[in-house]
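Observations on the model geometry
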Amino acid sequence: MTQLSTFSRRQFLAGVGASALTLPSLTDAFGNPLPTAQPGRKLGIALVGLGSYSKNQLAPALQQTKNCRLAGIVTGTPAKAEEWMKKYDIPKANVYDYKTFDRIADNKDIDVVYVVLPNSMHREYVVRAAQAGKHVICEKPMAIMPQECQEMIDACKKANKQLAVGYRLHYEPFTQEAMRLGQQKVFGPIKFVESSDGFRIGDPGQWRMKKALAGGGPLMDVGIYAVQGARYVTGEEPISVTAQFGPKTEPQKFKDVEETLFWQFQFPSGAVSNSTTSYTAGVERLYASCQDGWFELSPAFGYGPLKGRTSKGPIEKPIVNHQAMHMDGVCEVLLQNKTLPDHITGAEGMRDVKLLQAIYQAAETGRKIDLKA
Ligand code: NAD
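None of these values were measured; they are calculated from a predicted model.

Analysis parameters
- Here the residue numbers are simple positions, counted from 1 along each chain's written sequence.
- Local features in this predicted model are restricted to residues of pLDDT 70 or higher, and side-chain atom pairs are both shown and tallied only at a pLDDT of 80 or more, whereas totals for entire chains, interfaces and linings draw on every residue.
- To obtain the side-chain values, all non-hydrogen atoms of the structure were used and water was disregarded.
- Per the convention used, a helix needs a DSSP run of H or I reaching at least four residues, while a strand needs a run of E reaching at least two, with both numbered from the N terminus.
- Only C-alpha atoms enter the radius of gyration, while the globule expectation follows 2.2 Å times N to the 0.38, with N the number of residues.
- Contact definition: two residues touch when any of their heavy atoms are within 4.5 Å.
- Areas reported here follow the Shrake-Rupley algorithm with a probe of radius 1.4 Å; residue values treat only the protein chains shown as occluding.
- This count recognises Lys and Arg as positive and Asp and Glu as negative, with His and chain-terminal groups excluded.
- A charged residue contributes its charge at one atom only: NZ of Lys, CZ of Arg, CG of Asp or CD of Glu.
- By the convention used here, strands pair only if DSSP detects at least 2 bridges between them.
- An axis is simply a line fitted to the C-alpha atoms; with a helix, the fit covers only the stretch in contact. Between two such axes, the angle follows the N-to-C directions and lies from 0 to 180 degrees.
- UniProt positions are given in the numbering used here, feature names are shortened, and annotations may be inferred rather than shown by experiment.
- A 1.4 Å probe rolled over the protein chains alone gives each residue an accessible area, and that area as a share of the maximum for its type sets the label: buried under 20%, exposed over 50%, partly exposed in between.
- Buried residues of nine kinds, namely Ala, Val, Leu, Ile, Met, Phe, Trp, Tyr and Cys, make up a nonpolar core once their side-chain atoms join them within 4.5 Å.
- Delimitation of the domains relies on an automatic or database domain assignment.
- Only Phe, Tyr and Trp rings take part, Trp by its six-membered ring, and two of them pair if their centres are within 6.5 Å. Stacked means planes under 30 degrees apart, edge-to-face means over 60, and tilted covers everything else.
- It suffices for a single heavy atom of a residue to lie within 4 Å of a molecule or strand for the residue to be listed as near it.
- The predictor attaches a confidence to each residue, and that confidence, scored 0 to 100, is pLDDT.

Turning to the overall build of the chain, a few remarks are in order. Regarding its fold elements, the chain presents 10 helices and 15 strands. Taking 21 Å as the expected radius of gyration for a compact globule of 373 residues, we find that the chain reaches 20 Å, a close match to that expectation. Each principal axis of the C-alpha atoms in the chain carries an extent, and together these give about 55 × 50 × 35 Å. For the chain, restricting intrachain contacts to residue pairs at least 6 apart in sequence, the fraction spanning at least 24 positions comes to 70%. When the accessible surface of the chain is split by element, carbon and sulfur atoms take 52% of a total near 15100 Å². Across the chain, the centroid of the 44 positively charged side chains sits 2 Å from that of the 37 negatively charged ones.

With that settled, the discussion passes to the sheet that holds strand 14 (residues 313-315). Reading across the sheet, the 9 strands line up as 14-13-12-11-7-10-9-8-15 and stay open at both edges, with mixed pairing between neighbours. For this open sheet the edge positions go to strand 14 and strand 15 (369-370), each flanked by a neighbour on one side alone. Pairing geometry for strand 7 (residues 190-198) and strand 11 (residues 283-290), over 8 bridges, is antiparallel. The residue of strand 11 that forms the bridge with V193 is A288. Packed on one face of the sheet, helix 8 (residues 218-234) meets strand 7, strand 9 (260-266), strand 10 (272-278), strand 11 and strand 12 (293-297) and runs near 160° to strand 7. Set on the sheet, helix 10 (residues 346-365) makes contact with strand 8 (240-245), strand 9 and strand 15; between it and strand 8 the angle comes to about 60°.

With that out of the way, let us pick up the UniProt feature "domain: GFO/IDH/MocA-like oxidoreductase" (unreviewed entry) in the chain. As recorded in UniProt, the feature "domain: GFO/IDH/MocA-like oxidoreductase" (unreviewed entry) lies at residues 176-292. Helix and strand shares over residues 176-292 are 25% and 32% respectively, and the end C-alpha atoms of the span are 20 Å apart.

All right, on to the pairing of strand 7 then. Sheet faces and side chains relate simply in a regular strand, where the side chains alternate between the two faces. Of all 9 residues in strand 7, 7 are buried; the element is thus mostly enclosed. Of the strand pairs in this sheet, strand 7 and strand 10 are connected by 5 bridges, and their pairing is parallel. Bridging across to strand 10, G198 finds its partner in S278.

Once that is clear, we can look at the nonpolar core. Among the nonpolar cores identified, the biggest contains 108 residues, and L47 and F265 are the most heavily contacted of them. For this core, the element with the most residues is helix 8, which contributes 10 residues. No fewer than three residues from each of domain 1 (37-168) and domain 2 (173-318 + 348-370) sit in this core. The residues contacting L47, other than those within four sequence positions of it, are S54, L58, A59, L62, L70, G72, I73, V74, W84, Y114 and V116. Counting 5 residues, the second-largest nonpolar core is a separate cluster that includes I201, F254, V257 and Y279.

In this structure the tally under the stated criterion is 9 aromatic pairs. Consider the rings of W84 and Y88, whose centres lie 5.4 Å apart with planes at 50°: the pair is tilted. With W84 and Y88 both in helix 3 (residues 78-88) and 4 residues apart, this pair spans about one turn of that helix. You'll find W84 and Y88 in the same group, each marked buried. Centre to centre, the rings of F199 and Y279 are 5.4 Å apart; their planes meet at 75°, and the pair counts as edge-to-face. Placement of F199 in the loop between strand 7 and helix 7 (211-214) and of Y279 in the loop between strand 10 and strand 11 is noted, with a sequence separation of 80 residues between them. For Y279, a relative accessible area of 0% puts it in the buried group. Ring-pair connections join several aromatic residues into one group, and the members of that group are Y98, F101 and Y125.

With that settled, consider the UniProt feature "domain: Gfo/Idh/MocA-like oxidoreductase N-terminal" (unreviewed entry) in the chain. Under the UniProt annotation, the feature "domain: Gfo/Idh/MocA-like oxidoreductase N-terminal" (unreviewed entry) is placed at residues 44-167. For residues 44-167, the end-to-end C-alpha separation is 20 Å, with 35% helix and 20% strand making up the annotated structure.

In the vicinity of the ligand, 21 residues are found, and the nearest of them are S52, N119, K140, R168 and W207. Expressed as a share of its isolated accessible area of 840 Å², the protein-covered part of the ligand is 79%. When we break the shell around the ligand down by domain, the ones giving at least three residues each are domain 1 (37-168) and domain 2 (173-318 + 348-370).

Read across the open sheet, the 6 strands follow the order 3-2-1-4-5-6; overall the sheet is parallel. What marks the edges here is a single partner per strand, and that holds for strand 3 (95-96) and strand 6 (163-165). Looking at chain direction, strand 1 (residues 43-48) and strand 2 (residues 68-74) are connected through 6 bridges and run parallel. Looking at the pairing, V48 lines up with V74 of strand 2. Along the sheet face, helix 2 (residues 52-61) touches strand 1, strand 2 and strand 4 (112-115) and points at about 165° away from the line of strand 1.

Summing up the model confidence of the chain, the mean pLDDT is 92 and the portion of residues at 70 or higher is 90%. Every residue in residues 1-26 scores below 50 in pLDDT, and together they form 87 contacts with partners more than four places removed in sequence or on other chains.

In structure tokens, the structure reads:
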């Protein structure tokens, strides 16, 4: 694995400014002035895949956004197309299926394609969206293998379009505060991080339980948040990883993917992190033990409201719609014809995918994997 570049404070600062569109305060967590909604036309977003995340989170959020709107849909189910056209007043000309998708190139109403499909399909639809001349937002995990991420980055670069990953928490005030407390060493250097995300999964027939579509089990789905958490509170890239699979307590259900996974990162500063992800038990916590105190978010990764406290007392921050903040933040940068901050782009998505694969490698081999090479 090649050296992973640093999630720097500078990159982060460039990003948090964009998050402020619906915040009542005048500065972000780092004290930077907050921008406002952009004048002129809202960018048109087309959602690809109308499953639960599109239906229950993104479409409702797009009713609140200031810099973008729900302009189109891509679905393989005609009944869903009818329902969404009615519900969101979407013209027929802005409705595509997976075969006609590439014709989106001719649609001036659509500026951004948001890929919300099973993980193994992200690469194909991001590449096709870029080839159609659209900016792209891709859900997490960006892809299954780093090589796919590289192809997606290259396709967007070739088309001169920008690629963002659906890292909604980068625009969420409690998360931003945890980033600030850790990266600015408000309680001294971080010594230890506990960053875990898991839940008890339902329907065993869903694509999340199929390795070919999901790439793996809970690690690919929610473990990625635990990886992100350890990286964004330390502001460092891990230099090594060890990992262990948990037992399969329901072997019939978990034939294809892991049920539980534990891993440990070491960071250049000497900080260490310990993480759990699981489809069998609920856990959602980001805790940092520092030289002179501690801070914690719990819940830390869900749709909110998130909650936080420190060794000095509770963290008080506004409750926001994560998805609206994220899409507004990304679209604000696009409307300004600026470059997206690194921590929200495909480069960041690829860093995580490399780490997810390193965790699997460590668990499968039982070896400590050196991430510096
Ligand atoms: P879902 O199962 O609810 O929806 C998947 C959609 O893909 C459906 O509309 C389905 O019809 C379509 N699809 C097309 N081809 C398919 C195939 N071969 N097999 C299965 N479905 C197919 O899933 P979801 O929860 O909406 O997740 C979609 C993506 O969004 C995933 O990458 C997931 O990780 C991501 N997600 C992100 C968040 C977040 O908080 N950022 C939350 C949930 C999901």
